[in-house]
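So you can see what is in the structure, the chains are spelled out below.
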Amino acid sequence: MSGAPARPGRYRPVKRLGQHFLHDPAILRRIVAAAGQLEGATVLEVGPGPGGLTRAILAARPALLVAIDADPRSILRNPDPFFRQIREGSQAFQGITDATLSHGEAFEFIELGKYHERASQTIRILDVKFAAARALPDGSPEATLQLIAMLKSCSAFEPFRRAHASQLQAWRVADFLLLHREFPRAVAFCLQHCLHALQNLSGDTSRATPVHSLRLIGRLAADLEYVDIHDLLRGDFHAYLLDLLARLDAAGDEITRTFFNTQVILTDPRQQQAQQQQ
């Protein structure tokens, strides 16, 4: 098979990966045509490279195109499809788990880990992005872009708009991401579900009761239950978020100590020798 060499300024094929980049649109269309009817089909492309064949496949209107590449340069050149696949795969895993896995111990651990991580990530995003957005005048194009970016980072843009219509203000965004009781990535929502998962796990009499973990998560959830966003914003919001994150991390460490003891217990040599003699 022949094709034009890599164009100047583009990355070159790597021999050990078996790469051979094609750029001739006519050849690419013939390859896609030889694959048969792709419209509405699921297509797997191995080694998309610079994306010439990928674009020709997409022109055939497949229902789904999955591209797999061992060359990190392809991801760096166009990271959007890569991260979109990660997001969709994560959402598919969560949906399948919820619909098919028995809601017992394993499920509760998945829920606990999921909501603890979500709470942590939302706090971090608020801490990094909120100060810059708050410093801008409400309603300015720059502030609007900053707030939209912050909401989209938490998959919260559409839920926020349904809750607040056109009222895109910094304090409302902070209140939504931190204290909303129904949005699944809001910190207060996540802490309530962590607490629920711990309470369900504490009913297992074969395990250690997570009393201290329950207390730590319970205090965090209770604090957010009655706090007012305006009181927080009048103070040092950055310091508050750092303290909240530190307490959440401490609760995570306590959960690890309670349920996942990794210490190696060495057997007494004399006891082992007595067992062998029996």
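One can find the structure itself at the top, above this paragraph.
Just so you know, these numbers come straight off a predicted model, no measurement behind them.

A.B. asks: Can you tell me about helix 1 (residues 25–34), naming the residues and giving the values?
C.D. replies: Because each turn of an α-helix spans 3.6 residues, side chains separated by three or four positions end up pointing in the same direction. The distance from a side-chain oxygen at the start of helix 1 to the backbone nitrogen of A26 is 2.9 Å, and the residue carrying that oxygen is D24. Positioned one or two residues after helix 1, G36 has a phi angle of 95°, which is positive.

A.B. asks: Could you give me a rundown of a nonpolar patch on the surface, with the residues and numbers involved?
C.D. replies: Taken together, the side chains of L44, V46 and I68 define a hydrophobic patch exposed on the protein surface, amounting to about 320 Å² of accessible area. Of note, L44 is situated in strand 1 (residues 42–46).

A.B. asks: Could you give an account of the packing of aromatic side chains, with specific residues and numbers?
C.D. replies: Tallying each qualifying case throughout the model produces eight aromatic pairs. Aromatic pair F130 and F237: ring centres 5.3 Å apart, planes at 70°, arrangement edge-to-face. One end of the pair, F130, is in helix 5 (residues 105–134); the other, F237, is in helix 12 (residues 237–259), with 107 residues separating them in the sequence. Relative to Y240, the ring of F237 has its centre 6.5 Å away and its plane inclined at 10°; by these criteria the two rings are stacked. In this pair, F237 and Y240 are both assigned in helix 12, three residues apart and thus about one turn of the helix distant. Aromatic rings pair up to connect F109, F259 and F260 into one cluster. The lysine or arginine in question, K152, covers the ring of F157, its NZ or CZ lying 5.5 Å from the ring centre.

A.B. asks: Would you mind going over the nonpolar core in detail, with residue names and values included?
C.D. replies: One finds L177, L178 and F237 to be the most contacted residues of the largest nonpolar core, which totals 54 residues. Taken together, the elements giving at least two residues each to this core come down to helix 5, helix 6 (141–153), helix 7 (157–164), helix 8 (170–179), helix 9 (187–202), helix 10 (211–226), helix 11 (229–234) and helix 12. Examining the composition of this core, we find that ten residues originate from one element, helix 9, more than from any other. Non-local contacts of L177, meaning those with residues more than four positions away in its chain, are made with T122, L126, M150, L151, C154, A156, F183, R185, A186 and V187. Counting residues in each nonpolar core, the second largest holds eight residues, with L22, L28, V32 and A56 among its members.

A.B. asks: Now, about the pattern of salt bridges: what can you tell me, with residues and values included?
C.D. replies: Per the stated rule, a full pass over the model turns up five salt bridges. Close ionic contact of R181 with E225 constitutes a salt bridge, the shortest N to O distance being 3.7 Å. Pair noted here: R181 is in the loop between helix 8 and helix 9 and E225 is in helix 10, with a separation of 44 residues, a long-range link. You can call R181 partly exposed: its relative accessible area is 38%.

A.B. asks: How would you summarise the packing of helix 7 against helix 8 if you had to cite specific residues and measurements?
C.D. replies: Look at helix 7 against helix 8: their axes get within 11 Å of each other, and the N-to-C directions meet at 115°. As judged from the angle between their axes, helix 7 and helix 8 are roughly perpendicular. The chirality of how helix 7 crosses helix 8 is right-handed. Counted together, P159, F160, A163 and H164 of helix 7 and R172, V173 and F176 of helix 8 form the full contact between these two elements. Among the residues making up the contact of helix 7 with helix 8, the classes are represented as five nonpolar, one polar and one charged.

Conventions used here
- Per chain, the residues get numbers from 1 upward, laid out in the order the sequence is written.
- In keeping with the model being predicted, local features are shown solely for residues with a pLDDT of at least 70 and side-chain atom pairs are shown and tallied solely at 80 or more, while totals for entire chains, interfaces and linings include all residues.
- Just so you know, side-chain values use all the structure's heavy atoms and leave hydrogens and water out.
- The definition of a polar contact used here is a pair of N or O atoms within 3.5 Å, where within protein one atom must be able to donate a hydrogen and the other to accept one, and adjacent residues in sequence count solely through side-chain atom pairs.
- Going along the chain from the N terminus, every DSSP run of H or I of four or more residues is numbered as a helix, and every run of E of two or more is numbered as a strand.
- Put simply, a patch holds well-exposed residues, over 30% relative accessible area, that have no salt bridge, with like charges counted together within 9 Å and Val, Leu, Ile, Met, Phe, Trp or Tyr side chains within 5 Å.
- For the accessible areas, the method is Shrake-Rupley and the probe is 1.4 Å, while residue cover comes only from the protein chains on display.
- Should a side-chain nitrogen of Lys or Arg be within 4 Å of a carboxyl oxygen of Asp or Glu, the pair is scored as a salt bridge.
- Aromatic pairing here means that ring centres of Phe, Tyr or Trp (its six-membered ring) are within 6.5 Å. Orientation follows from the plane angle: under 30 degrees is stacked, over 60 is edge-to-face, and everything else is tilted.
- A ring is considered to have a charge above it if a Lys NZ or an Arg CZ atom is located within 6 Å of its centre and within 35 degrees of its normal.
- For the purposes of this section, nonpolar cores are sets of buried Ala, Val, Leu, Ile, Met, Phe, Trp, Tyr and Cys residues that join through side-chain atoms within 4.5 Å.
- Partly exposed describes any residue whose relative accessible area lies between the buried limit of under 20% and the exposed limit of over 50%, with all areas from a 1.4 Å probe on protein chains only and scaled to the type maximum.
- Contact criterion: two residues are considered in contact whenever any of their non-hydrogen atoms come within 4.5 Å of each other.
- Inter-axis angles, ranging from 0 to 180 degrees, are taken between N-to-C directions of lines fitted to C-alpha atoms, where helices are fitted over the stretch in contact.
- Each angle gets one of four labels, with under 35 degrees taken as roughly parallel, over 145 as roughly antiparallel, 65 to 115 as roughly perpendicular, and the rest as oblique.
- The hand of a helix crossing depends on one turn: near helix anticlockwise from the far one by less than a right angle means left-handed, and clockwise means right-handed.
- Basically, the charged four are Asp, Glu, Lys and Arg, the nonpolar ten are Ala, Val, Leu, Ile, Met, Phe, Trp, Tyr, Cys and Pro, and anything else, Gly included, counts as polar.

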